[in-house]
Amino acid sequence: MNYTEVPPLGDRGLILVTGGLGFIGSHTVVELHNAGFEVVIIDNLSNSSIDVLKGIEKIIGVQPAFVQLDLRDKKSVQDFFKTHTDIQGVIHFAASKAVGESVENPLLYYENNINTLVYLLQELQLKEKANFIFSSSCTVYGQAEVMPITEDAPVQQPISPYGNTKKIGEEIVKDVAKISSINAILLRYFNPIGAHPSAEIGELPLGVPQNLVPFITQTGVGLRKELSVFGNDYPTPDGTAVRDYIHVVDLAKAHVVALQRLISGKNTEKVEVFNVGTGKGSSVLEVITAFETVSDEKLPYKIVERREGDITIAYANTDKANSVLGWSAQSTLEEALASAWKWERKIRG
Ligand code: NAD
């Protein structure tokens, strides 16, 4: 993977990163800067802190442009594009992402994840040329029948409203790209974990973490008494659920190469889809063991009932991203866990 195909600065405009102070967005802002892009961030701070801006600055040496704005406010979105006419690409991370909360409050999710997408696309379809990257998820595959999962595996009816917003979001992008000058890439993330190696930015879950790794690291620092492992009777080698854990920095780099592909007009379809994972599945017990190795801590955990809605196994076939984008995940599970651990200790320090 390399960033050498970036056109010279003079030919490029700004890259808008929505949700750029969030977990994946902040790491992507750093990688965009490393690749020579200029960035403007939109975030409403609903699930992030303004301090992330300082963390990014510590890593890259400059503070990226930031506009605090709620993308649900259509007028604000219109005004933003009136004053920023040189947006050359948009990476759209901003969304609500808690699966459980989406079951309890579906309309919040449809409003935040669908309306914001519509308002952005309404502005982009007015442009002569627009490049758009959409944060999708492996959740659109549900429990796929064949492992590893390829991009042409059937998209299934999602279990949660959150998952449905990703499925519908993909369809909206495809429909709009068909009738406009928008070119788009849908990136289907597997399970992002870890933090920037500097530990200046990382994951900041509000309340009780829904994902395995923040729960592990919070248990490691003593914030949680013990980890609950949801089920050990799955049809997997050790009985616990298997996922494809990808280092967030690797995931961030996938956005940069995807954007470069659109900007340089190398895409072969108006909307392309790529899995972004490592291609390797790890069970919950394997993750615990790897964490214990890198942290030198014993992790207290107990086996409890399966959690409703959890699938058994999901890991990516990454051949398409490897060959077409020239991208592949570089970090091991241990490296990703070590970075998450370093971050957790720093923020609790
Ligand atoms: P995050 O919550 O850390 O980041 C999202 C950011 O968007 C936050 O900073 C939040 O304040 C902002 N935001 C939310 N609604 C907004 C609005 N209306 N206007 C402006 N800003 C708004 O989440 P993340 O983990 O970085 O995820 C980024 C994207 O990737 C999301 O679309 C998510 O659904 C998708 N995704 C995440 C995962 C994961 O496991 N983290 C997996 C697959 C897909």
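Check the entry above for the structure.
Within each chain, residues carry numbers counting from 1 in the order of the written sequence. Reporting in this predicted model follows two pLDDT cut-offs: at least 70 for local features of residues, and 80 or more for side-chain atom pairs to be given and counted; totals over whole chains, interfaces and linings ignore these cut-offs and use all residues. Side-chain figures throughout are based on the complete set of non-hydrogen atoms in the structure, without hydrogens or water.

**Student:** Break down the overall build of the chain for me, with residues and values.
**Tutor:** In this text, helices come from DSSP runs of H or I with a minimum length of four residues, and strands from runs of E with a minimum of two, each type numbered from the N-terminal end. Looking only at helices and strands, one finds 11 helices and 13 strands in the chain. Here the C-alpha radius of gyration of the chain, 19 Å, is about what a compact globule of 349 residues would show, namely 20 Å. Its C-alpha atoms give the chain principal-axis dimensions of about 55 × 45 × 40 Å. Three exposure classes are used, based on accessible area relative to the maximum for each residue type with a 1.4 Å probe and protein chains only: buried under 20%, partly exposed in between, and exposed over 50%. Evaluated residue by residue, the chain yields a buried proportion of 54% over its 349 residues. Throughout, a contact is declared for two residues whenever any of their heavy atoms are within 4.5 Å. Here the contacts in the chain between residues at least 6 apart in sequence split such that 81% fall between residues at least 24 apart. The globule rule used here is 2.2 Å times the number of residues to the 0.38 power, and the radius of gyration it is set against is calculated over C-alpha atoms.

**Student:** I'd like a rundown of the side chain of Asn164, residues and numbers included.
**Tutor:** Summarising the element assignment, Asn164 is placed in helix 6 (residues 161-178). For Asn164, the contacting residues outside a window of four places in its chain are Tyr110, Gln157 and Pro158.

**Student:** Give a detailed account of the nonpolar core, specifying residues and quantitative values.
**Tutor:** Nonpolar side chains tend toward joint burial in soluble globular proteins. We call a set of buried residues a nonpolar core when its members are Ala, Val, Leu, Ile, Met, Phe, Trp, Tyr or Cys and they connect through side-chain atoms within 4.5 Å of each other. One finds Leu32 and Ile56 to be the most contacted residues of the largest nonpolar core, which totals 39 residues. At the level of secondary structure, the elements contributing two or more residues to this core comprise strand 1 (14-18), helix 1 (23-34), strand 2 (39-43), helix 2 (51-60), strand 6 (182-189), helix 8 (248-263), strand 11 (271-276) and helix 10 (319-325). Once residues lying within four places of it in the same chain are set aside, the contact partners of Leu32 are Ile15, Val17, Phe37, Val39, Ile91, Val256 and Leu259. Counting residues in each nonpolar core, the second largest holds 30 residues, with Ile114, Tyr119, Leu120 and Ala177 among its members.

**Student:** Break down the side chain of Lys127 for me, with residues and values.
**Tutor:** Position of Lys127 among the secondary structure elements: in the loop between helix 5 (106-124) and strand 5 (130-137). Salt bridges are absent for the buried Lys127, whose nearest opposite-charge side chain, Asp86, sits at 7.1 Å. Beyond its immediate sequence surroundings of up to four residues, Lys127 is in contact with Phe81, Thr85, Ile87 and Ser181. Residues scored as charged are limited to Lys and Arg (positive) and Asp and Glu (negative), so that His and the chain ends carry no count. The term salt bridge refers to a pairing of a side-chain nitrogen on Lys or Arg with a carboxyl oxygen on Asp or Glu at a separation within 4 Å.

**Student:** Talk me through the site of the ligand; I want residue IDs and the actual numbers.
**Tutor:** Not every one of the 27 residues close to the ligand is listed here, only the nearest: Asp43, Asn47, Lys97, Asn112 and Tyr162. Pairing of N or O atoms within 3.5 Å defines a polar contact, subject to two protein rules: one partner must be a possible hydrogen donor and the other a possible acceptor, and residues neighboring in sequence count only if both atoms are side-chain atoms. The contact in question runs from an oxygen atom of the ligand to an N or O atom on the backbone of Phe23, over 2.9 Å. At 2.6 Å from an oxygen atom of the ligand is found a side-chain nitrogen or oxygen belonging to Asp43. When the free accessible area of the ligand is taken as 820 Å², the share hidden by the protein chains comes to 95%. A per-element tally of the shell around the ligand places strand 5 first, with 3 residues. Residues are grouped as follows: nonpolar covers Ala, Val, Leu, Ile, Met, Phe, Trp, Tyr, Cys and Pro; charged covers Asp, Glu, Lys and Arg; every other residue, Gly included, is treated as polar. Taken together, the residues of the shell around the ligand sort by class into 12 nonpolar, 11 polar and 4 charged. For this description, a residue counts as near a given molecule or strand if any of its non-hydrogen atoms is within 4 Å of it. Per-residue accessibility takes into account occlusion by the displayed protein chains alone, with areas from the Shrake-Rupley method and a 1.4 Å probe.

**Student:** I'd love a proper account of the sheet that holds strand 6, names of residues and values included.
**Tutor:** Strands were regarded as paired on the criterion that DSSP finds at least two bridges between them. Taken in spatial order, the 7 strands of this open sheet run 3-2-1-4-5-6-11, and their pairing is parallel. Because the sheet does not close on itself, it has two edges, and the strands there are strand 3 (65-68) and strand 11. Neighbouring strand axes in the sheet, compared pairwise and without regard to direction, differ in orientation by 20 degrees on average. Taken together, the 4 bridges between strand 4 (residues 87-92) and strand 5 define a ladder with parallel strand orientation. Within the sheet, the bridge partner assigned to Gly89 lies in strand 5 and is Asn131. What counts as an axis is a line fitted to C-alpha atoms, over the stretch in contact for a helix, and the angles between N-to-C directions run from 0 to 180 degrees. In the packing of helix 5 onto the sheet, the strands contacted are strand 1, strand 4, strand 5 and strand 6, and the crossing angle to strand 5 comes to about 165 degrees. Sheet strands touched by helix 6: strand 5, strand 6 and strand 11. Its angle to strand 5, the strand with the most contacts, is close to 155 degrees.

**Student:** Give me the pattern of salt bridges: which residues, what numbers.
**Tutor:** Taken as a whole and judged by the stated rule, the model has 15 salt bridges. With a shortest N-O distance of 2.7 Å, Arg188 and Glu170 are connected by a salt bridge. Separated by 18 residues along the polypeptide, Arg188 in strand 6 and Glu170 in helix 6 bring together distant segments of the chain. Taking the relative accessible area as the measure of exposure, Arg188 reaches 2% and is therefore buried. A salt bridge links Glu272 to Arg261; the shortest N-O distance between them is 2.7 Å. A residue pair is termed long-range when its members are at least 10 positions apart, and Glu272 in strand 11 and Arg261 in helix 8 qualify at 11 residues. The burial state of Glu272 is the same as that of Arg261; both residues are buried.

**Student:** Any chance you could break down the packing of helix 1 against helix 8 for me, citing the residues and the numbers?
**Tutor:** Between helix 1 and helix 8, the least distance of the axes is 8 Å, while the angle of their chain directions is 60 degrees. On the basis of their axis angle, the class for helix 1 and helix 8 is oblique. Note that helix 1 runs across helix 8; the crossing there is right-handed. Taken together, the residues of helix 8 that come into contact with helix 1 (itself represented by Phe23, Ile24, His27, Thr28, Glu31 and Leu32) are Val248, Val249, Leu251, Ala252, Lys253, His255, Val256 and Leu259. Taken together, the residues of the contact of helix 1 with helix 8 break down into 9 nonpolar, 3 polar and 2 charged. We call two directions roughly parallel when the angle between them is under 35 degrees, roughly antiparallel when it is over 145, roughly perpendicular when it lies between 65 and 115, and oblique otherwise. Note on convention: near helix rotated counterclockwise from far helix by under a right angle means a left-handed crossing. Clockwise means right-handed.

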